[in-house]
Amino acid sequence: MEKAMINFSVILLLYNSEERALINTLDSIICQKNIEFEIILADDCSENGCIDAAASYLDKKGVSGYKLSTHAKNVGTTQNIYDALSYAEGSHVKCIGAGDLLYSETTLSEIYDFMTAHNSIMCFGKIQAFYYDDNKLNLIPYYLPSDIKAFEKENYKSMQKDIIQNHGWIVGASMFYNTEAFRKYLKGILKSVKYCEDLLQVTLLLNNEKISYYPHGAIYYEVGSGISTGENKSNTRLQNDHSGYWKSIYKKYPDNKLVKKGYRMQKLQCIEEPLRRKASIILHNPSYVIMMIKTIFQKKSYEIKEKGLLS
């Protein structure tokens, strides 16, 4: 019997992940309908046995054919993903951190159809942020990327300006990729980026690759648990990644006006004193203020109308 074509490789990123978080994430993957997919457990040298817990849970649920990608030492998120991609057989790939959830039972199938129809290299959807307080679920809005109307209208010039110059980021948790393109471009940033693989959006835009906005719920994003929403040590890692990435991008595109302004923006965002940082950004990059004002007036566009796994 001929093996069915795999549409999506779902890479679950693990690093000392809590069992509750990884089980919630796995449940959101296992329940996917109308799509051929595989699961890859990518562990970055965890010390708490979370990959064993994840594998045991998949066995308990009768899930077979999942793959393991492990490391003898900690390599960081970007290398962890890149190594896991060597196991990926799907034409498309979704990386997801333990704690986050695919939005509904048909998220993968709907986004696969959407990306295929739009010939997208990368696609992102709406985010429903959440957190638990004494085991009580709290849903909160999430207003990224900034100026969502630019993406709705597929205004590529505005999209490039918002991301490259103004850093109105697409959140990595909401991204879905064409596997081959993801592997190709991720390889290009391995030396400069250890944790913030979502900086790849800048590279894609500079190469005029097709980024599409799926205007529906795509992900439940657990705030406060990942490197982007954590504090202290995580913030230092973020700054180091952004600094290294922008140095490499500026070296590669020294005459690109957006890159010049984006590189300067990165330096301004490293100013420690908050008031001085804000004043410097406003003074040197007034288009950032315009982007943020647009975002305020577009808040309704970020709302998710569809019911999901948690709503």
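As the structure is a prediction and not an experimental result, all values here were calculated from the model.

**Q** Would you mind going over the overall build of the protein chain with me for this structure?
**A** Tallying secondary structure elements over the protein chain gives 12 helices and nine strands in all. Expected size for 311 residues packed as a compact globule is a radius of gyration near 19 Å; at 19 Å, the protein chain falls within 12% of this value. Expressed along its principal axes, the backbone C-alpha trace of the protein chain runs to roughly 60 × 45 × 40 Å. Residues classed as buried in the protein chain amount to 51% of the 311 residues present. A separation of at least 24 residues holds for 79% of the contacts in the protein chain among residues at least 6 apart in sequence. Working note: accessible area of the protein chain is about 15400 Å², and carbon and sulfur atoms make up 50% of it. Of the side-chain charges in the protein chain, 38 are positive and 35 negative, and the distance between the mean point of each set is 10 Å.

**Q** Looking at this model, I keep getting lost on the pairing of strand S8 (residues 175-178). Mind explaining?
**A** Looking along a regular strand, one sees the side chains alternate between the two faces of the sheet. Pairing between strand S4 (residues 92-97) and S8: two bridges, direction antiparallel. Looking at the pairing, Val93 lines up with Tyr177 of S8.

How each quantity is defined
Residues numbered from 1 in each chain as written. Predicted model: local features only at pLDDT ≥ 70, side-chain atom pairs only at ≥ 80, totals over all residues. Heavy atoms only, no water. Helix = DSSP H or I, 4+ residues; strand = E, 2+ residues; numbered from the N terminus. Rg over C-alpha atoms; globule rule 2.2 N^0.38 Å. Buried < 20%, exposed > 50% of the residue type's maximum accessible area, 1.4 Å probe, protein only. Contact = heavy atoms within 4.5 Å. Areas by Shrake-Rupley, 256 points an atom, 1.4 Å probe, with all protein chains shown as cover. Lys, Arg positive; Asp, Glu negative; His and termini not counted. Charge placed at Lys NZ, Arg CZ, Asp CG, Glu CD. Pairing = 2+ DSSP bridges.

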